[in-house]
Amino acid sequence: MATSLRIINGKVYDPANNIDGEVREIFVQDGRIVADAPADARTIDARGMVIMPGGVDIHCHIAGPKVNLARKLQPEDHRHDPHPGTLFTRSGSGGTVPSTFATGYRYATLGYTTAMEAAVTPIGARHTLEELHDTPVIDKGFYVLLGNNIFLQQLLQEGRREEFKQAVAWWVNATKAYTTKLVNPGGDEPWKGKRNANVADIDEKSEVFGISPRNIIDAFTGVVNELGLPHPVHIHCNNLGHSGNVYTTLETMKTAGDRRLHLAHIQFHSYGGEPGKNPKSAAAEIADYVNSHPNISCDVGQVMFGKSTIMTADAPLAYMLRGFKKGKWVNADTECESGCGIVPFSYQEHVYVHALQWAIGLELFLLSRDPWRIILSTDHPNGGSFMSYPKLIRLLMDREFRKEEMKKVNKKAMRSTRLPDLDREYTLNEIAIITRAGPARALGLKHKGQLGPGADADITIYDEQEDKELMFSAPRYVIKSGDLIIADHEFRNDHAGRILHVAPAYDEDIVGTVRTFFENYYSIEFDNYAVSDQYLYDHEVISTT
Amino acid sequence: MTEQNTITVENATCTFCGCVCDDMILTVDLDEKRITKAKNACILGRAWFAEHTIEDAPAALIGGKDASVDEAVEEAARILAKARFPITYGLSDTTCEAQRVAVAITDMIHGTIDTTTSVCHGPSGLAFQGVGESTMSLGEVKNRADLVIYWGGNPAESPPRHFGRYAVTAKGLFTPGGKKDRTIVLVDVRKTPSAAAANIFLQPKPGKDFELLWALRALVKGRRLNPAVAESTGVSLEAMQDLAERMKNCRYGVLFFGMGLTMTRGRHFNSGALLALTTDLNEYTHFVAKPVRGHGNVTGADNVVSWQTGYPFGVNFSRGFPRFNPGEFTTVDTLSRGDADAALIIASDPASNFPKRAIEHLHRIPVIALDTKTSATAKLARVAFRTATYGINTGGTVYRMDDVPISLRKAFDSPFPSDEEILKAIHKRVRELLLAGGSYGVATGNKVAAPRTE
Amino acid sequence: MLHCNGEICMAESMLLIPGRSSKQGTSLNKGKLKEEYMEVTSTAEFNEDDMARLGLNEGDRLRLYNHVGETVVTCVKKKAADLPCGIIFMAYGPNSSQLMEYDTAGSGMPLSKNIEVMVEKVTV
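Our subject in this report is the structure included herewith. (Residues numbered from 1 in each chain as written. Chains lettered and ligands numbered in written order. Predicted model: local features only at pLDDT ≥ 70, side-chain atom pairs only at ≥ 80, totals over all residues.)

1. Remarks on the overall build of chain A
For chain A, the helix and strand inventory stands at 18 helices and 26 strands. At 22 Å, chain A has a C-alpha radius of gyration in line with the 24 Å of a compact globule built from 545 residues. Considering only C-alpha atoms, chain A reaches an extent of 65 × 55 × 45 Å along its principal axes. Here chain A, with 545 residues, has 63% of them falling under the buried criterion. Of the contacts made within chain A by residues no fewer than 6 positions apart, 76% connect residues no fewer than 24 positions apart. (Helix = DSSP H or I, 4+ residues; strand = E, 2+ residues; numbered from the N terminus. Rg over C-alpha atoms; globule rule 2.2 N^0.38 Å. Buried ≥ 20, exposed ≤ 12 C-beta atoms within 10 Å, placed from the backbone. Contact = placed C-beta atoms within 7 Å.)

2. Here's the deal with the overall build of chain C
Scanning chain C for helices and strands turns up three helices and six strands. Moving toward the C terminus, one meets the helices and strands of chain C in the order β-α-α-β-α-β-β-β-β. In terms of C-alpha radius of gyration, chain C reaches 14 Å, essentially the compact-globule figure of 14 Å for 124 residues. By principal-axis analysis of the C-alpha atoms, chain C measures approximately 40 × 35 × 30 Å. By residue count, 46% of the 124 residues in chain C fall in the buried class. Looking at chain C alone, contacts between residues at least 24 apart form 75% of all its contacts between residues at least 6 apart.

3. Considerations on the interface of chain C and chain B
Many descriptions give the size of an interface as the accessible area lost when the pieces come together. Of the residues lining the interface, 38 residues belong to chain C; the matching set on chain B comes to 46 residues. Elements with a contribution of two residues or more to the side of chain C that touches chain B: β1 (11-19), α1 (22-30) and β5 (87-91) of chain C.

4. A word on the sheet that holds strand β4 (residues 60-62) of chain B
All names here are of chain B. One open sheet accounts for nine strands, arranged β5-β4-β18-β17-β16-β6-β7-β14-β15; its pairing is mixed. Among the strands making up the open sheet, the edge pair consists of β5 (65-67) and β15 (323-324). The strands that helix α2 (residues 69-82) touches are β4, β5, β6 (86-90), β16 (342-346), β17 (367-371) and β18 (383-386); relative to β4, the one it contacts most, it runs at about 50°. (Pairing = 2+ DSSP bridges. Axes fitted to C-alpha atoms, helices over the stretch in contact; angles between N-to-C directions.)

5. Focus on the sheet that holds strand β2 (residues 24-29) of chain B
All names here are of chain B. Spatial ordering of the open sheet is given by β1-β2-β3, a layout of three strands whose pairing is antiparallel. Two strands in the sheet have a free side with no partner beyond their single neighbour: β1 (6-12) and β3 (34-39). Across the sheet, the mean angle separating the axes of adjacent strands is 25° when strand polarity is ignored. Two strands pair when backbone bridges link them, and β1 and β2 are joined in this way by five bridges, in the antiparallel orientation. By the bridge assignment for β2, Ala 12 is matched with Met 24. Sitting on the sheet, helix α1 (residues 43-51) is in contact with β2 and β3, with an inclination near 160° to β3.

6. Quick notes on the interface of chain A and chain B
In this assembly, 53 residues from chain A lie in contact with 58 residues from chain B. Elements that contribute at least two residues to the side of chain A that touches chain B include exactly α1 (65-73), α2 (75-79), β7 (82-83), β8 (92-93), α3 (100-109), α4 (125-133), α7 (188-193) and β18 (329-334) of chain A. Ranked by the residues each element gives to the side of chain A that touches chain B, the list is headed by β18 of chain A, at six residues. Grouping the constituent residues of the side of chain A that touches chain B by class yields 19 nonpolar, 19 polar and 15 charged. Note: β18 of chain A against strand β8 (residues 132-136) of chain B, five bridges, orientation parallel. When the bridges of β8 of chain B are listed, Trp 329 of chain A appears paired with Gly 132 of chain B. (Nonpolar A, V, L, I, M, F, W, Y, C, P; charged D, E, K, R; others polar.)

7. What about the arrangement of the chains?
Pairwise contact counts over the two pairs of chains in contact peak for chains A and B. Nothing in chain A touches chain C; the tightest C-alpha to C-alpha distance between them is still 15 Å.

8. A closer look at the pairing of strand β21 (residues 459-463) of chain A
All names here are of chain A. Counting buried residues in β21 gives four out of five residues, a clear majority hidden from the surface. With three bridges connecting them, β21 and strand β22 (residues 477-480) associate as antiparallel partners. From the neighbouring strand, Ile 461 faces β22, where its bridge partner is Tyr 477.

9. So, unusual backbone geometry
A negative phi angle characterises most non-glycine residues, just as the trans form characterises most peptide bonds. The step from His 380 of chain A to Pro 381 of chain A runs through a cis peptide bond, and the omega angle for that step is -5°. For Pro 381 of chain A, the position within the fold is in the loop between β20 (374-375) and α13 (389-397). The linkage connecting Ser 158 of chain B with the following residue, Pro 159 of chain B, adopts the cis geometry, with an omega of 5°. With respect to the helices and strands, the residue Pro 159 of chain B is situated in the loop between β9 (147-151) and α6 (162-167). Residues other than glycine seldom take positive phi values, yet Cys 336 of chain A does so here, at roughly 60°. For Cys 336 of chain A, a count of 26 C-beta atoms within 10 Å puts it in the buried group. Backbone geometry places His 110 of chain B, a non-glycine residue, at a positive phi of 55°.

10. Description of α1 of chain B
Quick reminder: α-helices carry 3.6 residues per turn. Residues three or four places apart thus point the same way. Taken together, the buried positions of α1 of chain B are occupied by Leu 44, Gly 45, Arg 46, Ala 47, Trp 48 and Phe 49 of chain B. Tucked into the core, α1 of chain B has its buried residues touching β2 and β3 of chain B together with α1 of chain C.

11. Section: the packing of α2 of chain B against helix α17 (residues 419-436) of chain B
For any two helices packed against each other, the geometry is given by the interaxial angle and the distance between the axes. Residues and elements named next belong to chain B. The contact between α2 and α17 brings their axes to 9 Å, and the two run at 55°. When the interaxial angle is binned, α2 and α17 end up oblique. Pair α2 / α17 crosses with right-handed handedness. Residue-level inspection shows Val 73, Glu 74, Ala 76, Ala 77, Arg 78, Leu 80 and Ala 81 of α2 in contact with α17, the latter providing Ile 422, Ala 425, Ile 426, Arg 429, Val 430, Leu 433 and Leu 434. In terms of residue class, the contact of α2 with α17 is built from eleven nonpolar, no polar and three charged. (Parallel < 35°, antiparallel > 145°, perpendicular 65-115°, else oblique. Left-handed = near helix turned anticlockwise from the far one by under 90°.)

So, in structure tokens, the structure goes:
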């Protein structure tokens, strides 16, 4: 179905290839960008338009057991935002937790062509793959939750490091994941086993396993780097949301040393102040550390005012957030692996903490000296919906707009941050980095986030406009794998997209070791656990180094 | 039966009930196309495997007369393309792959889709939307639970392996003593065989579950109870206080609940009260709840319909996008009120189990039925397909009652097509008819979605 | 509602609870139009004291009816400790469904348990 294309007269932003707003021709053939004009190519005249690689969302929650619980939980969230079907596309519903078809189509309408589901339990991987298969247009993958895995913690407890490494490799393979995810490492056991307690200190040894969060972080960081996965361990640090958590975040990063590590939604982990009291901004400290440590990448997790849904494998966090309003709350424990918590939420301008969070996110962006490693996200839908990315882009690019928005928020919060003094405006080139080139590089996706020959033909063409929110809300053309999906703002074709996953090598002997544990403590058969290829459909294995 | 033509299928899954036990070891006689042994199956599972043989019967019927599958697909497509308010119902005894096509068809024809959830744990789904739910996968019960309460259900008979595999005698990481490490409580208006497994049995008066649950909430929160509650519920204050204390002081408590709550006066209020109690208890300890599901893939139906539309059941597409309204778009209602002018019934038998008025309407409209065996619904259908049995003749995905997804393994082939194959054929033909336009299609100017290529 | 006053009545109001049972599950698999399933789903359990009071023996045929419909069941005895007086239990199926009200009170769920029925011995 892929057509040959010749895109002319558009201003190209391709930071990976050092192209910053030059008018260049782009050629597409057989789903890839090619160097020479193909014969019989359809021409797209992109005069007055901006061309970027398709957007890459490095951290969102869009598919799987936790997402579906949140979806089912909130009919009121969807009711006001229907997604009608068309001649080519399925119908669905929206809100902060859209249905799967709506999710894919809406990412496409923003010009995004790749998204990574950030947290999936191994036993739920099959479910996630089923939902991702029903998430059209975008290429996608997911991170598998292993940081609270009981068997792996037991191996660490017993000092069986080599087996730990093989088991991690096996688990990533068996679930078809993209990398390993740690969420509040060490926090699951006290939550389930100790009457809803949590872990607060990165060096606190578990009563059951005798290891600390730091031990877990260190072990995974080492192993995943050794395995050569394209994207390192992706971590949601302990103490998310707590005042003074900057200490935990810095210590987590220090644990990595000079090994690659990716910190998720780092805004939520950038708070100063004393535990139990109102938080303060520690954005500068965090930005400093990330800026000066090239092995660290992160996504911001910007808070956007309005409705959100908290959905996280950090179950104790969700319960704590529920405490404020005592509204509906979901907790779901997953045997031997993880858990999750869901709470409908909203961020309000007048609330001190919310305004502070909003400001801290912006501070992190504006203090960043390396846009390749401080990447745009709202931790959709925890900080806000991905549909708010255009507004966020405008906040970063348009100082006057930002100042107007600041006037609407809690003044005390503004005063306790540096935001009023940060005048920086992001350029289109920098936006192309934080939404495309940077995340693609952090993910190790060589063929994405760039428009050089050989790259996947995932291309977004925007009308260049003064109002950047408007501009980024409605690309004129969206091309995915060479297919023209959106033209003149309308859907022209449907597209399935593919699963991106890794297959690190592992020693077969480990399988028997895992099996023994499994047969005792899981409630399904070991031979029914690993995900078979039938769930992959169109897929690509990204190689390890 | 020759030795050579017998195979063993290990790690097969029984889909008769929501336990979805995936440790079946099936002995299959390929000559006779029968399962001769189902090791590990309970009495219901053994019947499930033994009785789903290949029946010598036509693959399809139109108006009660033998027809080819192609003819039947044509007739079914004609009915659905022409209908103004078609309903799709059932889906709890088929694969997720088939369920997805069913939603796709309904989306395309702007119909209404509902699953057997609406007459099972639909009320619990409604309660979930109001209150939320603290819940768990079944292995957590095995590994951690020291207090297990069954409310309004009879697991000894439905489903039998629940006790042994997951909740009562199962030994786990933190419960090495199995039943010795647990207290089992049964709450039911009648003393069923399940009571034998329980340490404590409470027998409230019928229709008083809400009052009893609310009283327990009060006790958990340290409120004083009006002593009249004992009289009205039929449970003594002492028994209530004892239970409340046990719930607060356990380490990992579990509340399983069944139709006793959803099918009685109060419906979603009953389920909601139980879910609210579970949530309240989390201020003191770790407490979870789980509705016990009766069909092999009703949980799959909930999941598929939710992820594809945003809503779990009772979904209408008349305006070209999903709208949710239990009571309006649920099937007992769309039939009893006479809204539906055509019905696609998949893997379900409403003509047996629905209220009379709903069944009467089923007799008045063209019905397309897909089932593995003859049923009352298949008998009244205009078009009836005999389909292969999921988990016996087909693979596919199902979800256990706790949302754990499992892949089925085929035991032996069937000459009959699977639900998925039939539905895909119907989808394709309906789309052709709608695109051809003319006298077909809903008056609102139907826009048709492209089939998603697998 | 419950007439446990020692009088023998011709018709009496009781509470019907249809539900699953082991036999219902196994016979269902054999075939819902087959005799075994028909038999299982037309058998009802009664409290033994109620039966004594009403002059009923196991195997008697009884008509259950309400404003929705009616069905005939064969009765089986249950101890008072297991089945409280005034309650009837039967395996759910096409017979119990005859007595089910269609109004779901806007919930989608018809009341399927604790159905008020009148009980009358069938004299043929």
